[in-house]
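For reference, the chains in residue letters:
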There are 2 protein chains.
Amino acid sequence: MRLMLLLTAVGMGAAASYAIAAEELRQTAREHFQPIPAEPPQLPGNPITPDKVELGKMLFFEPRLSESWMLSCNACHNLATGGVDLQETSIGHGWHKGPRNAPTVLNAAFNVAQFWDGRAEDLEDQATGPMMNPGEMGSSAERVMGTLRSIPEYRERFKRAFPGEADPLKLGNVAKAIAAFETATLLTPNAPFDRYLAGDAGALSDRQKEGLQLFVEYGCVGCHYGTNVGGARYARFGEVQAPDGGLVPETDQGRFTVTGKPEDEYVFRVAPLRNVALTPPYFHSGQVWDLKDAVAIMGRAQLGLELTGEEAEAIADFLTSLTGAQPQIAYPILPVVTGDTPLPKPFDNP
Amino acid sequence: MRLMLLLTAVGMGAAASYAIAAEELRQTAREHFQPIPAEPPQLPGNPITPDKVELGKMLFFEPRLSESWMLSCNACHNLATGGVDLQETSIGHGWHKGPRNAPTVLNAAFNVAQFWDGRAEDLEDQATGPMMNPGEMGSSAERVMGTLRSIPEYRERFKRAFPGEADPLKLGNVAKAIAAFETATLLTPNAPFDRYLAGDAGALSDRQKEGLQLFVEYGCVGCHYGTNVGGARYARFGEVQAPDGGLVPETDQGRFTVTGKPEDEYVFRVAPLRNVALTPPYFHSGQVWDLKDAVAIMGRAQLGLELTGEEAEAIADFLTSLTGAQPQIAYPILPVVTGDTPLPKPFDNP
């Protein structure tokens with residue numbers, strides 16, 4: 001395509017040809033990418049209501065859903081810092097170092113599945129897993145539910161969020177409320193790239209447009225497409241050429257552990273790239289802090305391309321245009337415990 | 001005083017005498033306690049401005065001021081849960097169990113000094129200590145300042161918060177900004193007790209008034225007075241009778257470690273009781289979860305009184321009237337790191 005644009009430019013005045021080439025790039029982009037929609041998606045079987053979203057927010061920030069009372073969803077998916085913890089791999093119960101880098105919760109509703117290995121089909125399926133993971137929040141379903149049942153305000157809020165249900169306070173509804181909060185609230189619309197897709201050609205700088213063109217031309221877009229510029233399919237890390245060993249630890253076989261299929265060894269969900277400039281370090285192993293370096297590594301490992309420094313920089317610069325308006329969250333006030341609330345056990349091995 | 005009120009009641013109609021006794025109780029209360037003021041206090045040498053308060057909020061929630069990037073001021077002083085962590089004693093860097101229960105940051109501006117041992121004279125003096133404590137946030141002044149200097153948005157915000165200063169980005173200003181945020185924002189006005197002090201006799205229930213009367217009559221008010229119903233002076237835990245050993249660990253000699261004076265052994269700042277119903281567990285050792293139990297222990301240890309179950313309950317019920325309107329905080333969006341930002345070191349012994 002680059003060649004074609006150059007040829008077109010030969011026969012015309014520079015300004016006109018530039019305008020045509022620019023418009024062509026934008027049209028190409030619109031084929032590959034979709035903006036963050038103005039309205040949040042609907043969740044089948046989980047209607048989004050203000051009561052449910054507010055409850056989900058409280059649960060997202062609720063440290064008493066962890067064994068220690070020190071960790072909440074927000075501990076690893078900090079909404080102050082791009083929905084991630086900025087750790088190589090996450091730190092959980094007892095300062096346990098987890099196996100993978102925390103993916104952002106921002107715009108997670110648009111991913112094909114959740115977790116790096118896609119083991120949860122959606123946010124509802126994902127939301128309560130980390131609560132029970134011994135190396136994450138370290139709790140149990142019994143403790144989580146015992147805690148919520150012991151607090152009158154939660155009993156009341158579950159009733160209001162799930163009206164008409166005989167037993168609204170159940171683990172499935174904890175997941176539904178958190179998924180509703182995430183889907184309705186944790187979106188980052190109005191990124192420069194979204195404004196560009198919508199027709200504002202000046203929303204991207206020239207170098208960002210150059211980066212976008214390379215992103216399309218070199219084939220990054222073969223995996224990184226759709227609303228989240230990724231997150232829509234799976235790929236082996238090292239499709240063309242194995243990256244440095246530290247980036248793909250042998251012990252983490254990725255999607256293979258979910259499907260058991262040999263072709264899924266070291267396969268991971270393609271990283272969604274929205275807000276990627278906010279969420280270092282990169283890759284499931286979290287070893288790379290510089291976005292340009294991450295781009296260069298991807299070029300080599302996935303496409304067999306040795307990008308020049310300028311090309312990697314231009315692509316990284318384009319990726320910064322995916323940073324959208326961060327969600328404005330009123331920090332919740334959580335209800336007080338009662339004599340029936342199971343006490344924190346920060347030093348128990350759960 | 002109780003006797004006097006009863007005698008007064010003999011010579012009058014019951015309703016009139018009740019009204020007089022009730023008004024007398026309220027007047028007595030107004031001599032001992034002050035409401036949370038409508039306007040935040042001024043800080044000498046640290047004028048409170050919107051830019052400074054906003055910066056202070058960001059720093060309060062900033063995990064990158066810790067060695068690990070996992071802990072912020074809010075980790076132990078969670079504004080979702082009464083400005084505390086609800087832990088026996090706080091958990092810090094590397095899951096280190098600290099020596100004392102975290103005091104609330106709410107209304108802390110009205111305390112005579114900060115920390116259980118009063119070693120910081122005010123919030124500005126307090127704010128950066130935990131950042132450098134190896135068992136708390138585990139960082140160093142050099143790292144804290146290196147982190148903030150590496151981030152352009154912080155450089156800009158310090159300039160705006162401290163206009164006219166040649167070098168606004170310094171540790172002293174980190175402390176000043178956090179102190180300004182806490183002083184301007186972390187207040188809980190309009191508690192039922194404040195409305196009662198202001199003249200709304202119905203703001204307290206009859207049992208709460210009974211508890212207030214006992215609180216005054218039995219002498220709790222001798223230590224727990226002023227705006228924060230405590231926090232205004234020091235006292236030995238076990239003034240009259242040593243409490244159970246676990247409540248006053250021998251290894252923590254309290255204010256003695258600050259002053260070196262023998263009379264300060266096992267002396268602590270009197271706990272401020274505003275929002276006390278939100279901040280279990282109680283005492284510097286954090287062993288007691290039930291407010292009634294804490295009241296009974298205080299009666300025995302400090303006053304040599306064996307309160308009846310009903311009396312302890314009435315006092316505890318009065319103490320719940322000290323729960324004020326919790327601060328409404330817009331969760332901050334923190335700026336992204338740069339290539340110059342010192343990386344997190346969660347597993348280094350600082």
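Predicted model, so just to flag it, every value in this text is computed and none were measured. (Residues numbered from 1 in each chain as written. Chains lettered and ligands numbered in written order. Predicted model: local features only at pLDDT ≥ 70, side-chain atom pairs only at ≥ 80, totals over all residues. Heavy atoms only, no water.)

## Section: the overall build of chain A
Note the threshold: Helix and strand assignments come from DSSP, with helices taken as H or I runs of at least 4 residues and strands as E runs of at least 2, each series counted from the N terminus. Radius of gyration: over C-alpha atoms. The globule rule applied is 2.2 Å multiplied by the number of residues raised to the 0.38 power. Only protein chains enter the accessibility calculation, which uses a 1.4 Å probe; a residue whose area is less than 20% of its type maximum is buried, one above 50% is exposed, and one in between is partly exposed.
In terms of helices and strands, chain A carries 14 helices and 4 strands. A globule of 350 residues ought to have a C-alpha radius of gyration of about 20 Å, and chain A, at 22 Å, matches this closely. If one aligns the C-alpha atoms of chain A with their principal axes, the spans along those axes are about 80 × 40 × 30 Å. Here chain A, with 350 residues, has 55% of them falling under the buried criterion.

## Digging into unusual backbone geometry
Cis geometry marks the peptide bond from Pro280(A) to Pro281(A); its omega dihedral reads -5 degrees. On the secondary structure map, Pro281(A) appears in the loop between β4 (267–269) and α13 (291–303). Positive phi is not limited to glycine here, since Val229(A) has a value of about 50 degrees. Its place among the elements puts Val229(A) in the loop between α11 (206–217) and β3 (234–236). With a phi close to 60 degrees, Tyr266(B) is a non-glycine residue in the positive phi region. Within the fold, Tyr266(B) resides in the loop between α12 (256–259) and β4 (267–269).

## A look at the side chain of Thr147(A)
Residues and elements named next belong to chain A. Definition in use: Residue contacts follow a heavy-atom distance rule, with two residues in contact if any of their heavy atoms lie within 4.5 Å.
Relative to the helices and strands, Thr 147 resides in helix α7 (residues 141–149). Owing to a relative accessible area of 2%, Thr 147 belongs among the buried residues under this scheme. Those residues in contact with Thr 147, other than ones at most four positions away along the chain, are Arg 64, Thr 341 and Pro 342.

## Quick notes on the nonpolar core
Taken as a class, soluble globular proteins show a tendency for nonpolar side chains to be buried jointly. Convention followed: Residues enter a nonpolar core if they are buried and are Ala, Val, Leu, Ile, Met, Phe, Trp, Tyr or Cys, with the set joined through side-chain atoms within 4.5 Å.
Core analysis: the biggest nonpolar cluster contains 74 residues, and Leu59(A), Leu79(A), Leu148(A), Leu59(B), Leu79(B) and Leu148(B) have the highest contact counts within it. Among all residues touching Leu148(A), those that are not within four sequence positions of it are Leu59(A), Leu65(A), Tyr154(A), Arg155(A), Phe158(A), Leu169(A) and Val174(A).

## Topic: the interface of chain B and chain A
This is how it is decided: By buried area we mean the combined loss of accessible area, with a 1.4 Å probe, across both parts when two parts are placed together. In what follows, salt bridge is the name for a side-chain nitrogen of Lys or Arg lying within 4 Å of a carboxyl oxygen of Asp or Glu. N or O atoms within 3.5 Å of each other form a polar contact, as long as, within protein, one can give a hydrogen and the other can take it, and as long as residues adjacent in sequence are counted only when both atoms are side-chain atoms.
Counting from both sides, the interface comprises 41 residues of chain B and, opposite them, 41 residues of chain A. Buried area between chain B and chain A, summed over both chains or domains, comes out near 3400 Å², and the portion from carbon and sulfur atoms is 73%. Contact with chain A buries area across many residues of chain B, yet Met70(B), Trp95(B) and Tyr331(B) alone supply 26% of it, more than any other trio. If you look at where chain B meets chain A, you find 0 salt bridges. Applying the counting rule to chain B against chain A returns 12 residue pairs in polar contact (both at pLDDT 80 or more). Broken down by secondary-structure element, the contributors of at least two residues to the side of chain B that touches chain A are α4 (73–76) and β1 (91–92) of chain B.

## Quick look at empty space enclosed by the protein
Here is the rule we go by: Only protein atoms enter the 1 Å grid used here. Points where a 1.4 Å probe fits but cannot escape make up a cavity, open sets with protein on both sides within 12 Å along at least five of seven lines make up a pocket, and a residue lines them when an atom lies within 4 Å of a point. Grid points are joined across faces, edges and corners, and a volume is the space filled by probe spheres set on the points. For this classification, the nonpolar set comprises Ala, Val, Leu, Ile, Met, Phe, Trp, Tyr, Cys and Pro, the charged set comprises Asp, Glu, Lys and Arg, and every other residue, Gly included, is treated as polar.
This structure, assessed with the given rule, holds 3 cavities of 30 Å³ or more. As a volume, the largest cavity reaches approximately 480 Å³. Contributing to the lining of the largest cavity are 32 residues, with Met70(A), Asn74(A), Ala75(A), Met70(B) and Ala75(B) lying nearest its centre. Counting only elements with at least two residues in the lining of the largest cavity, the list comes to α4 (73–76) and β1 (91–92) of chain A together with α4 of chain B. Here the residues of the lining of the largest cavity are counted per class, giving 21 nonpolar, 9 polar and 2 charged.

## Some details on the environment of Pro262(A)
All names here are of chain A. By secondary structure assignment, the location of Pro 262 is in the loop between α12 (256–259) and β4. C-alpha separation for the pair Pro 262 and Lys 176, spaced 86 residues apart in sequence, amounts to 33 Å. Apart from residues no more than four positions distant in its own chain, Pro 262 is found in contact with Arg 236 and Phe 256.

## Quick word on the packing of aromatic side chains
Here a ring pair, both rings aromatic, is described through the centre-centre distance and the interplanar angle of the planes. Residue and element names in this part refer to chain A. Put simply, the test is: To pair, rings of Phe, Tyr and Trp, with the six-membered ring standing in for Trp, must have centres within 6.5 Å; the planes then decide the type, stacked if under 30 degrees apart, edge-to-face if over 60, and tilted in the middle.
Applying the stated criterion across every chain yields a total of 27 aromatic pairs over all chains. Relative to Phe 193, the ring of Phe 33 lies with its centre 5.3 Å away and its plane at 75 degrees, an arrangement referred to as edge-to-face. A residue pair is termed long-range when its members are at least 10 positions apart, and Phe 33 in the loop between α2 (14–32) and α3 (50–60) and Phe 193 in helix α10 (residues 192–197) qualify at 160 residues. For the pair formed by Phe 33 and Phe 193, the shared burial category is buried.

## Side note on the pattern of salt bridges
Residues and elements named next belong to chain B. The final tally for this structure, using the stated rule, is 37 salt bridges over all chains. Across the salt bridge formed by Asp 117 and Arg 100, the nearest N and O atoms sit 3.0 Å from each other. Here Asp 117 is found in the loop between β2 (96–97) and α5 (123–126), whereas its partner Arg 100 is found in the loop between β2 and α5, with 17 residues between them in sequence. As far as burial versus exposure is concerned, Asp 117 and Arg 100 are alike and both buried.

## Regarding the packing of α3(A) against helix α8 (residues 152–161) of chain A
All names here are of chain A. The condition that has to hold: Fitted lines through C-alpha atoms serve as axes, helices being fitted only where they are in contact, and the angles separating the N-to-C directions of these axes extend from 0 to 180 degrees. We call two directions roughly parallel when the angle between them is under 35 degrees, roughly antiparallel when it is over 145, roughly perpendicular when it lies between 65 and 115, and oblique otherwise. Less than a right angle of anticlockwise turn of the near helix away from the far helix marks a crossing as left-handed, whereas a clockwise turn marks it as right-handed.
Look at α3 against α8: their axes get within 8 Å of each other, and the N-to-C directions meet at 140 degrees. Relative to α8, α3 is oriented oblique. Like other packed secondary-structure pairs, α3 and α8 cross with a definite hand, here left-handed. Residues Asp 51, Lys 52, Glu 54, Leu 55, Met 58 and Leu 59 of α3 lie in contact with α8, whose contacting residues are Glu 153, Tyr 154, Arg 157, Phe 158, Arg 160 and Ala 161. Of the residues assigned to the contact of α3 with α8, the class counts are 6 nonpolar, no polar and 6 charged.

## Remarks on the relation of the copies chain B and chain A
The condition that has to hold: Here the copies are superposed with least squares, the fitted atoms being C-alpha atoms of residues at a pLDDT of at least 70 in both.
For the pair chain B and chain A, the relating rotation is 180 degrees, the translation along its axis is 0.0 Å, and the fit reaches an RMSD of 0.0 Å. Such a combination of turn and shift is consistent with a two-fold rotation axis. For chain B, the smallest separation between a C-alpha atom and the rotation axis is recorded for Ala330(B), amounting to 2.3 Å. A shared binding surface is used by both copies, with 100% of the interface residues of chain B retained as interface residues in chain A.

## A closer look at helix α9 (residues 171–185) of chain A
All names here are of chain A. Let me state the cut-off plainly: Helix span, expected: 1.5 Å multiplied by one less than the number of residues in the helix.
Look at α9: 21 Å from first C-alpha to last across 15 residues, which is about the 21 Å you get at 1.5 Å a residue. Among the residues making up α9, those that are buried are Asn 173, Val 174, Ala 175, Ala 177, Ile 178, Ala 179, Ala 180, Phe 181, Glu 182 and Thr 183. In the core, the buried residues of α9 are packed alongside α3, α4, α5 (123–126), α6 (129–132), α7 and α8.

## Overview of helix α3 (residues 50–60) of chain B
Residue and element names in this part refer to chain B. Taking burial as the measure, the 11 residues of α3 include 8 buried ones, the bulk of the element. For α3, the complete set of buried residues consists of Lys 52, Val 53, Leu 55, Gly 56, Lys 57, Met 58, Leu 59 and Phe 60. Buried-residue contacts for α3 involve α4, α7 (141–149), α8 (152–161) and α9 (171–185).

## A word on the confidence of the model for chain A
Rule in force here: pLDDT expresses, on a scale from 0 to 100, how confident the predictor is about each individual residue.
Per-residue pLDDT for chain A has a mean of 94; in total, 95% of the residues score no lower than 70. Here the predicted complex scores 0.95 on pTM and 0.94 on ipTM.

## A closer look at the state of the cysteines
Residue and element names in this part refer to chain B. Note the cut-off: Here, two cysteine sulfur atoms that lie within 2.5 Å of each other are counted as a disulfide.
Under the criterion given, the structure shown has 0 disulfides over all chains. Just so you know, Cys 76 is unpaired, no disulfide at all, and the nearest cysteine sulfur is the one on Cys 73, 9.3 Å from it. A relative accessible area of 16% places Cys 76 in the buried class. For the unlinked cysteine Cys 223, the closest cysteine sulfur is that of Cys 220, found at 9.3 Å.

## What to know about the packing of helix α13 (residues 291–303) of chain B against helix α14 (residues 309–320) of chain B
Residues and elements named next belong to chain B. Between α13 and α14, the least distance of the axes is 8 Å, while the angle of their chain directions is 115 degrees. In terms of crossing hand, the pair formed by α13 and α14 is right-handed. Each of Leu 291, Lys 292 and Val 295 in α13 lies in contact with α14, whose residues at this interface are Ala 312, Glu 313, Ile 315, Ala 316 and Leu 319. For the contact of α13 with α14, the class distribution of residues is 6 nonpolar, no polar and 2 charged.

## Some details on the environment of Ile329(B)
Residues and elements named next belong to chain B. Along the chain, Ile 329 falls in the segment after α14. For Ile 329, a relative accessible area of 5% gives the class buried. Distance in space between the C-alpha atoms of Ile 329 and Asp 200 is 28 Å, their sequence separation being 129 residues.

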